[in-house]
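# Commentary on secondary and tertiary structure
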Amino acid sequence: MSRVGRSPIVIPAGVEVDISGTTITIKGKLGELKREINPSIKVAVEGGEIILTRSSDVKQHKSLHGLYRALIANMVKGVSEGWEKTLILNGVGYRAAIAGNKITLNIGYSHPIEVTAPDNLKVELISNTEIKVSGISNEEVGQFAANVRAFRKPEPYHAYGIRYKDEVIIRKEGKTSGKK
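First, a word on scope: everything that follows refers to the structure included in this document. Since the model is a prediction, treat every value here as computed from it, not as a measurement. (Residues numbered from 1 in each chain as written. Predicted model: local features only at pLDDT ≥ 70, side-chain atom pairs only at ≥ 80, totals over all residues. Heavy atoms only, no water.)

## Quick look at the overall build of the protein chain
Convention followed: Working definition: helices are DSSP H or I runs of at least four residues, strands are E runs of at least two. Numbering for both runs from the N terminus. Only protein chains enter the calculation, and the probe is 1.4 Å; a residue is then buried if its accessible area is under 20% of its type maximum, exposed if over 50%, and partly exposed in between. Residues are treated as being in contact if the distance between any of their heavy atoms lies within 4.5 Å. Areas reported as accessible are Shrake-Rupley estimates using a 1.4 Å probe. Residue values count occlusion only from the protein chains shown. When charges are counted, Lys and Arg contribute as positive and Asp and Glu as negative, whereas His and the chain ends are disregarded. For the purpose of locating charges, the reference atoms are NZ of Lys, CZ of Arg, CG of Asp and CD of Glu.
Secondary structure assignment for the protein chain yields two helices and 13 strands. With respect to the three principal axes, the spread of C-alpha positions in the protein chain is 65 × 50 × 25 Å. A total of 180 residues make up the protein chain; the buried ones form 37% of that total. In the protein chain, of all internal contacts separated by at least 6 residues, the share reaching a separation of at least 24 is 53%. Total accessible area on the protein chain is roughly 10,900 Å²; 50% of this is exposed by carbon and sulfur atoms. Counting 27 positive and 19 negative side-chain charges, the protein chain places the centres of these two groups 10 Å from one another.

## Observations concerning the sheet that holds strand S1 (residues 9–10)
For clarity, the threshold we go by: Strand pairing follows a simple DSSP-based rule, namely that at least 2 bridges must link the two strands. Under this scheme, a helix contributes an axis fitted over its contacting stretch, all axes are lines through C-alpha atoms, and angles between N-to-C directions fall in the 0 to 180 degree range.
Across the sheet, which stays open at both edges, the three strands sit in the order S1-S6-S5 with antiparallel pairing between neighbours. Bordering the open sheet on either side are S1 and strand S5 (41–46), each of which pairs with just one other strand. The sheet contact formed by S1 and strand S6 (residues 49–54) spans two bridges and is antiparallel. For valine 10, the partnering residue across the bridge sits in S6 and is glutamate 49. Where helix H1 (residues 59–80) meets the sheet, its contacts fall on S1, S5 and S6, and the angle it forms with S6 comes to roughly 165°.

## Structural notes on the pairing of S6
Burial of the side chains of S6 is restricted to one face: Ile50, Leu52 and Arg54 are buried, whereas none of Glu49, Ile51 and Thr53 on the reverse face is. Between the end of S5 and the start of S6, which pair antiparallel, lie two residues, with glycine 47 showing a positive phi angle near 60°.

## Things to note about the pattern of salt bridges
This is how the line gets drawn: What makes a salt bridge here is a side-chain nitrogen of Lys or Arg within 4 Å of a carboxyl oxygen of Asp or Glu, nothing more.
For the structure shown, the criterion picks out eight salt bridges. One salt bridge in this structure joins arginine 35 and glutamate 139, with 2.3 Å as the shortest N-O distance. In this pair, arginine 35 sits in strand S4 (residues 32–36) while glutamate 139 sits in helix H2 (residues 138–149), placing the two residues 104 residues apart along the sequence. The exposure class of glutamate 139 is partly exposed, given its relative accessible area of 47%. Residues participating in the shared-partner salt-bridge network are Glu84, Lys122, Glu124 and Lys132.

## Some thoughts on the nonpolar core
Going by this rule: We define the nonpolar core as a collection of buried residues of types Ala, Val, Leu, Ile, Met, Phe, Trp, Tyr and Cys that are connected through side-chain atoms lying within 4.5 Å of one another.
Membership of the largest hydrophobic core comes to 21 residues, with the highest contact counts inside it found for Leu89, Leu105, Ile131 and Phe144. Those elements giving two or more residues to this core turn out to be strand S7 (83–90), strand S9 (102–106), strand S10 (113–116), strand S12 (130–135), H2 and strand S13 (161–164). Looking at this core element by element, the count peaks at four residues for H2. Counting 20 residues, the second largest nonpolar core, distinct from the first, contains Ile9, Ile41, Leu52 and Met75.

## Comments concerning the pairing of S10
By the alternation rule, side chains of S10 split into Ile113 and Val115, which are all buried, and Glu114 and Thr116, of which none is buried. When S9 meets S10, the two strands line up antiparallel, connected through four bridges. When the sheet's bridge partners are listed, leucine 105 is paired in S10 with isoleucine 113. Here S9 folds back onto S10 in antiparallel fashion, the turn holding six residues, of which glycine 108 has a positive phi close to 90°.

## A word on the sheet that holds S12
Here four strands make up an open sheet; going across it, the order is S11-S12-S7-S13 and the pairing antiparallel. Two strands in the sheet have a free side with no partner beyond their single neighbour: strand S11 (122–127) and S13. Averaged over all adjacent pairs, the angle separating strand axes in this sheet is 25°, with direction ignored. In the packing of H2 onto the sheet, the strands contacted are S7, S11, S12 and S13, and the crossing angle to S7 comes to about 10°.

All we've got here are geometric facts, nothing functional implied.
Okay, structure coming up:
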């Protein structure tokens, strides 16, 4: 069995799991998430835990086993605790402003960049150089944060750009004069 797939997912208090056919619905205090599951993976709730089994040992079924276990675990965590990513704007004059669900980024271009956040995500401004994105879906939070980061990826010489809070930028040395 898959090492990831065989470990059960503990259902925290206040989380309801409903399995109907190949659809799993997870409800918690923060919201509700649904996902279609491949028919080769069987999902069952036993004694406060979600257990996944696969129909055969074909390589594709082994990989799907671990994948769906991880996705369902992310759904359980999302509806009970939520997900968040923090973005840092690093550069001279780099700043952000939020009005409603619209983020305005001044990141070194000749014009400000406006990004509209989806309704199911909460975007906060911690400071004018720190943006916190939070929501119940790990995929949506990560994708939106990646889309914002893509406007100005951090460069390796001065580390200017938009980076994740826990990201480490490996710095490069600049040019040398060539004289010894």
